[in-house]
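Residue-level structural notes
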Amino acid sequence: MPKNQPTKQHYVPQCYLREWADPTVPPNQEPFVWIFDKDGKNKRKDKVKNVLASNDLYTIKIRGTKNYSIEETLANLEGRYAKVFEEKIKSRLPLTEEEHIILCAFVSVMLQRTLRHKDNLERFYDELIERTQEMEAARQLPQTKSDELKRYKENTHKLGVVQLLPDITELLMKMGVAFLCAEKGLKFITSDDPC
């Protein structure tokens, strides 16, 4: 496999995480974030590129070959959002219609791409498969439908992020947008499920 394939894929994008980087990082070092346990007791720091990522999270296999088109689509959207953030949101300037769409699309995928969302979808499919298998067994049917559901489950999270993007983006476009800005010296925290 070529080295430039994006196998390490973030479920919270790096363009978002960089905004939470420690501001004391020297310019010659990679940005890092502080990571705390939920109870706040243990803390550690790690490079932005290393956190909240999983191998092949959005990689699909087509005829046995890994395909990175979903990750590439997400990376493209993240790049467009990062530009809007740098040029407009950070400066507290109003967004154009196109920039508003980019923001809403970015939030749409942020809502869907987390591990919690993935686990919820897979748990739903597990229950659906189990019930289907029970009905197939009770009626002495082949496991055709349950096997089909197992195949759907394999990519439901990966494909769902892209398939639902237009619908969720359109819904978000109908909502009001506001930004909460911290005063100098005050800090926010974020999580592995930021939306």
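Going by the structure above, here's the rest.
Summarised in this report is the structure supplied together with it. For clarity, every value in this text was computed on a predicted model and none was experimentally measured. (Residues numbered from 1 in each chain as written. Predicted model: local features only at pLDDT ≥ 70, side-chain atom pairs only at ≥ 80, totals over all residues. Heavy atoms only, no water.)

**Topic: the packing of aromatic side chains**
Tallied over the full model, the rule gives five aromatic pairs. Measuring from ring centre to ring centre gives 6.0 Å for Tyr81 and Phe85, while their planes differ by 40°; the resulting arrangement is tilted. One end of the pair, Tyr81, and the other, Phe85, are both in helix H2 (residues 69-89), four residues apart, so they sit about a helical turn from each other. You can call Tyr81 buried: its relative accessible area is 10%. An angle of 90° between the planes, with centres 5.9 Å apart, marks the rings of Phe124 and Tyr125 as edge-to-face. Relative accessible area serves as the criterion here: at 14%, Tyr125 is assigned to the buried category. (Phe/Tyr/Trp six-rings, centres within 6.5 Å; stacked < 30°, edge-to-face > 60°. Helix = DSSP H or I, 4+ residues; strand = E, 2+ residues; numbered from the N terminus. Buried < 20%, exposed > 50% of the residue type's maximum accessible area, 1.4 Å probe, protein only.)

**Describing the side chain of Glu71**
With respect to the secondary-structure elements, Glu71 resides in helix H2. Apart from residues no more than four positions distant in its own chain, Glu71 is found in contact with Pro6, Gln9 and Tyr58. (Contact = heavy atoms within 4.5 Å.)

**Here we look at the nonpolar core**
The biggest cluster of nonpolar side chains holds 26 residues, and the ones touching the most others in it are Tyr58 and Tyr81. When contributions to this core are tallied by element, the ones reaching two or more residues are helix H1 (14-17), H2 and helix H3 (97-112). It is H2 that provides the largest number of residues to this core, a total of seven residues. Ignoring anything within four residues of it in the chain, the contact list for Tyr81 reads Cys15, Ile89, Ile102, Leu103 and Phe106. (Core = buried A, V, L, I, M, F, W, Y, C linked by side-chain atoms within 4.5 Å.)

**Remarks on the environment of Leu77**
Along the chain, Leu77 turns up in helix H2. Along the primary structure Leu77 and Glu19 are separated by 58 residues, whereas in three dimensions their C-alpha atoms are 17 Å apart. Once residues within four sequence positions are removed from consideration, Leu77 is found in contact with Ile102, Ala105, Phe106 and Val109.

**With respect to the pairing of strand E2 (residues 32-36)**
When E2 meets strand E3 (residues 43-47), the two strands line up antiparallel, connected through five bridges. By the bridge assignment, Ile35 is partnered in E3 with Arg44. Once E2 ends, the chain turns through six residues before running back antiparallel as E3, passing Gly40 with a positive phi of about 80°. (Pairing = 2+ DSSP bridges.)

**A short note on the packing of H3 against helix H6 (residues 165-173)**
Two numbers describe a pair of packed helices, the interaxial angle and the distance between the axes. The geometry of H3 relative to H6 is characterised by a closest axis approach of 8 Å and an angle of 120° between their N-to-C directions. It follows from the interaxial angle that H3 and H6 lie oblique. Every pair of crossing elements has a handedness; the one defined by H3 and H6 is right-handed. Here H3 contributes Glu97, His100, Ile101, Cys104, Ala105, Val107, Ser108, Val109, Leu111 and Gln112 to the contact with H6, which in turn contributes Leu165, Ile168, Thr169, Leu172 and Met173. (Axes fitted to C-alpha atoms, helices over the stretch in contact; angles between N-to-C directions. Parallel < 35°, antiparallel > 145°, perpendicular 65-115°, else oblique. Left-handed = near helix turned anticlockwise from the far one by under 90°.)

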